[in-house]
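Listed below, chain by chain, are the residues.
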Amino acid sequence: KAAADLKDNLFQHILNLPISFFDRNPVGRLITRVESDTEALKLLFTSTAVVLVQDFALLIGMSVVMILVNWKLYLLILALLPPFVYFFYWFQKHIRPIYVEIRRKVADINNFINETIGGLPVIQAFNQEKNFRHKMNLHNQEKYRKELIGMKLWYRVWFMVDFGEVLGFVLLLGIGAVWALKGLITIGTLILFISYIMRLFMPLRGLSDQLNVIQRAFASAERMFGILDSKPEEPGKVKPAITQFQKGIVFDAVNFAYEGREWVLKDINLNIKKGEKIALVGETGAGKTSIIGLLLRFYEPQLGKILLDDYNLQNLDKHILRRYVGFVPQDVILFPGSILDNLRLFDEAIPEEVVYNATKRARVHDKILNLPDGYKTNLIQRGINLSQGERQLVSFARALVFNPEILILDEATSSVDPHTENLIQVGLTELLKDRTAIIIAHRLATIQMVDRIIVLHKGSIVEQGSHSELLSKEGYYYRLYRLQYLSTLKEEVTNDA
Ligand code: M5T
Ligand code: MG
């Protein structure tokens, strides 16, 4: 139960960690910590603890008997103890860092396997299986080397225990024989002590065995607590009583950089009124997705502030913030479960009718019904049993299921065919009537209906205005648009030809 609780705690903690944490900690490592590190600790409590208690009881019991029979002889044996205590201390000091490193290697290996299998289509298509096997081998060898160092240390302890046993035996035999001859002790006492000293070393050896498990468990614990100690996302203290988004979103001189890197967003000033629909355009890497990341409070700006109505996002309860927002991420995210589960994110309080309504708007309802099990179809491995476009539509429909006041679409339909995209576009205009929306798209044809287009270039806003305003400006947007327009024209010409 303790292990299960620990797993549950770790998982819950991870669920609440800020997104930036996962930029630094690969998934495979976290899996190792949640799954096998907790198991190592479980082993400590289930088997080791029991054995330890047994060994300890045995040691005490035998000590009592020996003291009662002949305390002088017992003291003689006790003299052997200090070197052992020192040696065990020495051992645990040296072995811990090695086990920590072994755990880290295990995590790296898990991560590597995880990502390799995920990327198998690329590896196979490029015929690079050999390289990956070689890389895996390197990882394994590194772990093997660390294990070897640990084992060598551990054998020293074994050797010490063996040596101590022999030494004790010889000492006892020598001194005991002299004492027996002098008539200080009986032969019976000597035999008792000799048989006990052999027994005595059994728990000691067991102890050194257990010490191994204990050190491994401690290494695991250290890593788990590393996660538990990393701070969960500050939830934000302000919980406004309002249940409605009223005024709008304001970016006030926002500057932002991902951890330790150069500025990605520079002096962003943006005022999005409630009900307004804006589009973010700009070349790859301009910072469009990053703006969204800030708005959802996945990251926090280093300078400036973002306001929702009049609340600074930094203080606003993140759950309240996120209740307003529906989000279609640039990378489709699907979970193991049925399509229905994915659409309502396992929230069974959402009626199926609501889900169907959303999928119809996203033009994916019929497609889902055509699947072998319809809405009950299980999505395996991030939805590989759907086409890329279908996955996008499911992700899009999911945002609609949650019926948000503010809808954020990051390249929501970029993989969808133009015909379906058009149909969605028509539906979207109606759907967005009373809502606020931020739409990111590379295909400029899909954003012409918005109120305002914001053009980003290298992290700064360079232009903004409606489609026609921007065209008449003949600036950055104009060039972008002409480029796309011309290339589609060319395509049509070649197709006709
Ligand atoms: C803008 C950097 C990246 C890029 C710049 C998402 C993300 C981005 N970056 C990071 O360092 N870490 C991250 O997690 O930020 O990136 P963006 O905001 O994703 O750009 P975009 O959305 O305008 O581009 P695209 O390709 O989606 O159109 O330089 O180095
Ligand atoms: Mg992006």
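Fair warning: this is a prediction, and the values are worked out from it, not measured in the lab.

Conventions and cut-offs
Residues numbered from 1 in each chain as written. Chains lettered and ligands numbered in written order. Predicted model: local features only at pLDDT ≥ 70, side-chain atom pairs only at ≥ 80, totals over all residues. Heavy atoms only, no water. pLDDT = per-residue confidence, 0-100. Helix = DSSP H or I, 4+ residues; strand = E, 2+ residues; numbered from the N terminus. Near = heavy atom within 4 Å. Areas by Shrake-Rupley, 256 points an atom, 1.4 Å probe, with all protein chains shown as cover. Nonpolar A, V, L, I, M, F, W, Y, C, P; charged D, E, K, R; others polar. Phe/Tyr/Trp six-rings, centres within 6.5 Å; stacked < 30°, edge-to-face > 60°. Buried < 20%, exposed > 50% of the residue type's maximum accessible area, 1.4 Å probe, protein only. Donors = N, O, S within 2.8 Å, 3.2 Å for Na, K, Ca; no water. Expected span 1.5 Å × (residues − 1). Axes fitted to C-alpha atoms, helices over the stretch in contact; angles between N-to-C directions. Parallel < 35°, antiparallel > 145°, perpendicular 65-115°, else oblique. Left-handed = near helix turned anticlockwise from the far one by under 90°. Contact = heavy atoms within 4.5 Å. Patch = residues over 30% accessible without salt bridge, like charges linked within 9 Å, V, L, I, M, F, W, Y side chains within 5 Å. Salt bridge = Lys/Arg side-chain N within 4 Å of Asp/Glu carboxyl O.

1. Remarks on the confidence of the model for the protein
Averaged over all residues, the pLDDT of the protein is 86; the fraction at 70 or higher stands at 96%. Across the protein, helix H8 (residues 288-295) holds the top mean pLDDT of 94, while helix H16 (residues 476-496) sits lowest at 74.

2. Details of the site of ligand 1
For ligand 1, the set of nearby residues contains 14 residues, the closest of which are Arg-261, Lys-288, Thr-289, Ser-290 and Gln-330. Burial of ligand 1 by the protein chains amounts to 70% of its free accessible area of 610 Å². Across the shell around ligand 1, the residue classes tally to 4 nonpolar, 7 polar and 3 charged.

3. Section: the packing of aromatic side chains
The geometry of an aromatic ring pair comes down to the distance between the two centres and the angle between the two planes. Across all of its chains, the model carries 12 aromatic pairs by this definition. Between Trp-154 and Tyr-155 the ring centres are 6.1 Å apart and the planes differ by 40°, which places this aromatic pair in the tilted class. Look at Tyr-356 and Tyr-375: their rings are 4.7 Å apart centre to centre, the planes differ by 55°, and that puts the pair in the tilted class. With Tyr-356 in helix H11 (residues 352-361) and Tyr-375 in the loop between helix H12 (365-369) and strand S8 (378-379), this pair connects stretches of sequence that are 19 residues apart. Residue Tyr-356 shares its accessibility class with Tyr-375, and that shared class is buried. An aromatic cluster is built from Trp-154, Tyr-155 and Trp-158, whose rings are joined through pairwise contacts.

4. Details of the coordination of the magnesium ion (ligand 2)
At this site the magnesium ion (ligand 2) is bound by Thr-289 (OG1) and Gln-330 (OE1), with donor distances of 1.9 to 2.2 Å. Note that Thr-289 is positioned in helix H8 and Gln-330 in the loop between strand S6 (325-328) and strand S7 (337-338), a separation of 41 residues in sequence.

5. Let's talk about helix H13 (residues 388-401)
Under the 1.5 Å per step criterion, the end-to-end length of H13 is 20 Å for 14 residues, consistent within 8% with the ideal 20 Å. Where burial is concerned, most of H13 is hidden: 12 out of the 14 residues are buried. Gly-389, Arg-391, Gln-392, Leu-393, Val-394, Ser-395, Phe-396, Ala-397, Arg-398, Ala-399, Leu-400 and Val-401 are the residues of H13 that are buried. One or two residues past the end of H13 sits Asn-403, with phi positive at roughly 45°.

6. Focus: the environment of Pro-26
Here Pro-26 is to be found in the loop between helix H2 (19-24) and helix H3 (27-78). Look at Pro-26 and you get partly exposed, because its relative accessible area is 25%.

7. A closer look at the packing of H3 against helix H4 (residues 81-118)
Viewed as axis vectors pointing N to C, H3 and H4 meet at an angle of 165°, and their least axial separation amounts to 12 Å. Classified by the interaxial angle, the pair formed by H3 and H4 is roughly antiparallel. As for how H3 packs across H4, the hand of that crossing is right-handed. On H4, the residues that touch Val-27, Gly-28, Arg-29, Ile-31, Thr-32, Ser-36, Asp-37, Ile-77 and Leu-78 of H3 are Leu-81, Pro-82, Arg-103, Val-106, Ala-107, Asp-108, Asn-110, Asn-111 and Asn-114. When the residues that make up the contact of H3 with H4 are grouped by side-chain class, the tally is 8 nonpolar, 6 polar and 4 charged.

8. As for H8
The buried count for H8 comes to 7 of 8 residues, which makes it a mostly enclosed element. Taken together, the buried positions of H8 are Lys-288, Ser-290, Ile-291, Ile-292, Gly-293, Leu-294 and Leu-295.

9. Topic: a nonpolar patch on the surface
On the surface, Phe-56, Ile-60, Val-64, Val-65, Leu-68 and Val-69 cluster together into a nonpolar patch covering about 560 Å² of accessible area. Within the secondary structure, Phe-56 is located in helix H3. What makes Phe-56 exposed here is its relative accessible area of 53%.

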